[in-house]
Amino acid sequence: MRQAGVYSGIASGGISGRTGPHSLPLARIKKIMKNSNDDVKMISGEAPIVFSKACELFIEQLTKRSWAVALQAKRRTLRKDDIASAIIATDLFDFLLNLVSDSTGHEDDCHEAISK
Amino acid sequence: MEPMDIVGKTKEDASLPKATMTKIIKEMLPPDVRVARDAQDLLIECCVEFINLISSESNEVCSKEEKKTIAPEHVLKALEVLGFGEYMEDVYAAYEQHRLETMDSLKGAKWSNVAEMTEEEALAEQQRMFAEARARMNGGVTTPKQTDPEATVAKQLEPEPSMNS
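Residues numbered from 1 in each chain as written. Chains lettered and ligands numbered in written order. Predicted model: local features only at pLDDT ≥ 70, side-chain atom pairs only at ≥ 80, totals over all residues. Heavy atoms only, no water.

Identification of chain B as Protein Dr1 like from Actinidia chinensis var. chinensis is taken from an unreviewed UniProt entry. In UniProt, chain B has this text filed under Subcellular location (unreviewed entry): "Nucleus". (UniProt positions renumbered as here; feature names shortened; annotations may be inferred.)

If you check an unreviewed UniProt entry, chain A appears there as Nuclear transcription factor Y subunit C-4 like from Actinidia chinensis var. chinensis. The Subcellular location (unreviewed entry) comment attached to chain A in UniProt states, word for word, "Nucleus". Looking at chain A in UniProt, the text filed under Function (unreviewed entry) is "Stimulates the transcription of various genes by recognizing and binding to a CCAAT motif in promoters."

The number of helices and strands found in chain A is six helices and two strands. For chain A, the succession of helices and strands along the chain, N to C, is α-α-β-α-β-α-α-α. Relative to its 116 residues, chain A shows a buried fraction of 47%. Contacts spanning at least 24 positions in sequence make up 35% of the contacts within chain A whose residues lie at least 6 apart. Carbon and sulfur atoms make up 49% of the accessible area of chain A, which totals about 5,700 Å². (Helix = DSSP H or I, 4+ residues; strand = E, 2+ residues; numbered from the N terminus. Buried < 20%, exposed > 50% of the residue type's maximum accessible area, 1.4 Å probe, protein only. Contact = heavy atoms within 4.5 Å. Areas by Shrake-Rupley, 256 points an atom, 1.4 Å probe, with all protein chains shown as cover.)

This part takes up helix H3 (residues 47-72) of chain A. Each full turn of the α-helix corresponds to 3.6 residues, which orients residues three or four apart in the same direction. Residues and elements named next belong to chain A. For H3, which comprises 26 residues, the first-to-last C-alpha distance of 38 Å matches the rise-based estimate of 38 Å (1.5 Å per residue) to within 8%. Within H3, 20 of the 26 residues are buried, leaving the element largely enclosed by the surrounding structure. One or two residues past the end of H3 sits Lys74, with phi positive at roughly 60°. (Expected span 1.5 Å × (residues − 1).)

As a further point, take the pattern of salt bridges. All names here are of chain A. Enumeration over the complete set of coordinates arrives at 12 salt bridges over all chains. The closest approach of N and O atoms between Glu56 and Lys53, which form a salt bridge, is 3.5 Å. On the criterion of helical spacing, the pair formed by Glu56 and Lys53 is a turn pair, its members being three residues apart in helix H3. Accessibility expressed as a relative area gives 6% for Glu56, which makes it buried. (Salt bridge = Lys/Arg side-chain N within 4 Å of Asp/Glu carboxyl O.)

This next bit is on the environment of Thr22(B). Summarising the element assignment, Thr22(B) is placed in helix H2 (residues 18-27). Thr22(B) sits 22 residues away from Ile44(B) along the chain, and the two C-alpha atoms are 8.9 Å apart.

Turning our attention to the side chain of Asp82(A). Residues and elements named next belong to chain A. Within the fold, Asp82 resides in helix H4 (residues 80-89). In this structure Asp82 comes out as buried when scored by relative accessible area, which is 1%. Beyond its immediate stretch of four places on either side in the chain, Asp82 contacts Ser66, Val69, Ala70, Arg75 and Thr77.

This next bit is on the environment of Leu79(B). Along the polypeptide, Leu79(B) turns up in helix H4 (residues 72-81). Spatially, the C-alpha atom of Leu79(B) lies 8.2 Å from that of Glu57(B), the residues being 22 residues apart in sequence. In this view, Leu79(B) contacts Ala54(A), Phe50(B), Ile54(B), Phe84(B), Gly85(B), Tyr87(B), Met88(B) and Val91(B); residues no more than four positions away in its chain are not counted.

Another point: the packing of aromatic side chains. Evaluated as defined, the whole model comprises 11 aromatic pairs over all chains. Relative to Phe50(B), the ring of Phe95(A) lies with its centre 6.4 Å away and its plane at 40°, an arrangement referred to as tilted. Of the two residues, Phe95(A) is situated in the loop between H4 and helix H5 (97-104) and Phe50(B) in helix H3 (residues 37-64); the pairing between them involves two chains. Comparing Phe95(A) with Phe50(B), the two get one shared label, buried. Pairing Phe50(B) with Phe84(B) gives two aromatic rings, centres 5.1 Å apart and planes at 80°, and the pair type is edge-to-face. (Phe/Tyr/Trp six-rings, centres within 6.5 Å; stacked < 30°, edge-to-face > 60°.)

Running from N to C, H3(A) and H3(B) cross one another at 135°; their axes reach a closest spacing of 10 Å. Classified by the angle their axes make, H3(A) and H3(B) are oblique. For the pair H3(A) and H3(B), the crossing hand works out as right-handed. In this structure, H3(A) uses Phe51(A), Ala54(A), Cys55(A), Phe58(A), Ile59(A), Leu62(A) and Thr63(A) to contact H3(B), whose residues at the interface are Leu43(B), Cys46(B), Cys47(B), Phe50(B), Ile51(B), Ile54(B), Ser55(B) and Ser58(B). For the contact of H3(A) with H3(B), the per-class residue count stands at 12 nonpolar, three polar and no charged. (Axes fitted to C-alpha atoms, helices over the stretch in contact; angles between N-to-C directions. Parallel < 35°, antiparallel > 145°, perpendicular 65-115°, else oblique. Left-handed = near helix turned anticlockwise from the far one by under 90°. Nonpolar A, V, L, I, M, F, W, Y, C, P; charged D, E, K, R; others polar.)

Below you can see the structure in the form of structure tokens.
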């Protein structure tokens, strides 16, 4: 009686707004989780599912903000510096600053410029 | 000892599959938009970093509660603590949806009642679980909230005339 189409439609299309069926592989997420911490505890089977969804939302937020930067520059190609700009402009993404400081090369200025 | 342990894994090993990530990213953008290759790579790195961040915090939350296994509640708490509270609603909805799907497929033994639920009953059950979870999260204060994810779920379930119990 289970209609797989209905449920998968809800899970990906209805809640996040995405229409595609793609989701991140749970085993890979679990591996990353184990790598993140030397003292990592056991991970319940359901935790990677929660992570998968959180990651999608995170990617969506970062992608869309980066896209807004590209749009302002009247480009239809999303570039690495668009993502860097989005990261620098968003307090919530401060934990990503060390991933972009190489490419911007002026992270000190950016830190001073960042205001709440 | 798992076979993997012998292969001297470094912390750089685990990343997310590029093809899947590319598809997910492209779905979020207008169809004519292109994504530079190094931009894709950076997005993947950011996602891995995100997992690291939330994992570490989940680990902390789990320790503070003196539990041995990281559970979804710990992850939700970690998201909130780190400022990603706005994700919590959707994340929890997806989790509950998955639980419903899992229960539905276990047709034997004690889950037989659940497998025979109509979609209306399943939705009611889901809403009951949402309310319970909110009560847990809000420390006992339950507010019957009609939020977008649930309304969307209801809408999705309605126009399926071919479904019969």
